[in-house]
Amino acid sequence: AKAGGGSATLSMAYTGAEFADRVMAGLAGEAGVTECTFVEQDKVSGATFFSLPVTLGREGVDVIHHYGSVTEHEQKLIDAMLPDLIAQGKKGVDWAAASK
């Protein structure tokens, strides 16, 4: 938003508003609303949470889709980041449980 000269707050706010608009469209019954989101899932082995495409509907998330085919290089990158992603997910779950 600032050509690298500041925080990404405006970009994050815009993206959040766009995602909220798509969630509301799904809740209103619009068909075929698919967006990527960080979601509790069982598609990526070992990770409780992952960012995947989901189809949204009247009850929220209707379908969690797999990310699809990736190149060998992309798979190496996914494999390399999974331990940190798993640890960060656990940290968030633990924090939420302790904050009740």
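Everything below is about the structure shown above.
Quick summary incoming for the structure in this document. Residue positions are given per chain, counted from 1 along the sequence in the order it is written. A pLDDT threshold of at least 70 governs which residues receive local features in this predicted model, and a stricter bar of 80 or more applies before side-chain atom pairs are shown or counted, although totals over entire chains, interfaces and linings include all residues. Each side-chain value is derived from all of the structure's non-hydrogen atoms; neither hydrogens nor water enter the calculation.

1. Regarding the overall build of the protein chain
The secondary structure content of the protein chain amounts to two helices and three strands. Order of helices (α) and strands (β) in the protein chain, N terminus to C terminus: α-β-β-β-α. Along the longest, intermediate and shortest principal axes, the C-alpha atoms of the protein chain span 40 × 40 × 40 Å. Each residue's exposure class comes from its accessible area (1.4 Å probe, protein chains only) as a fraction of the maximum for that residue type: buried when under 20%, exposed when over 50%, partly exposed otherwise. By the burial criterion, 18% of the 100 residues in the protein chain qualify as buried. For the purposes of this entry, the term helix denotes a DSSP run of H or I that reaches at least four residues, the term strand denotes a run of E that reaches at least two, and both are numbered from the N terminus.

2. Description of helix 1 (residues 9-27)
A helix is expected to span 1.5 Å for every residue after the first. Taking 1.5 Å as the rise per residue, helix 1 with 19 residues should run 27 Å; its terminal C-alpha atoms sit 27 Å apart, in good agreement. One or two residues past the end of helix 1 sits Gly 29, with phi positive at roughly 100 degrees.

3. Some points on the packing of aromatic side chains
For Phe, Tyr and Trp, rings pair up if their centres lie within 6.5 Å, where Trp contributes its six-membered ring, and each pair is then called stacked (planes under 30 degrees apart), edge-to-face (over 60) or tilted (otherwise). Counted under the stated rule, the structure contains two aromatic pairs. Ring centres 5.9 Å apart and planes at 20 degrees place the aromatic pair Phe 38 and Phe 49 in the stacked group. Residue Phe 38 is found in strand 1 (residues 33-40), and its partner Phe 49 is found in strand 2 (residues 49-57); the two are separated by 11 residues along the sequence. For Phe 38, a relative accessible area of 48% translates into the label partly exposed.

4. Quick notes on the environment of Lys 90
You can see Lys 90 is positioned in helix 2 (residues 72-98). For the pair Lys 90 and Phe 49, spaced 41 residues apart in sequence, the C-alpha separation works out to 9.2 Å. Here Asp 94 takes part through its side chain, which lies 2.6 Å from a polar atom of the side chain of Lys 90. Definition of a polar contact: a pair of N or O atoms within 3.5 Å, with one able to donate and the other able to accept a hydrogen when the atoms are protein atoms, and with sequence-neighbouring residues admitted only if both atoms are side-chain atoms.

5. Here we look at the sheet that holds strand 3 (residues 60-64)
Overall, antiparallel pairing links the three strands, which are arranged 1-2-3 in an open sheet. Looking along the sheet, the strands with just one partner apiece sit at the ends: strand 1 and strand 3. On average, adjacent strands in this sheet sit at an angle of 55 degrees to one another, irrespective of strand direction. Pairing analysis gives four bridges linking strand 2 to strand 3, with the strands arranged antiparallel. In the strand pairing of strand 3, Thr 55 is matched with Val 63. Two residues form a contact once any of their heavy atoms are found within 4.5 Å. Where helices are involved, their axes are fitted lines through C-alpha atoms of the stretch in contact, as for all axes, and angles between N-to-C directions lie from 0 to 180°. Its contacts with the sheet place helix 1 against strand 1, strand 2 and strand 3, and it is angled at close to 110 degrees to strand 1. For two strands to pair, DSSP has to find at least two bridges joining them.

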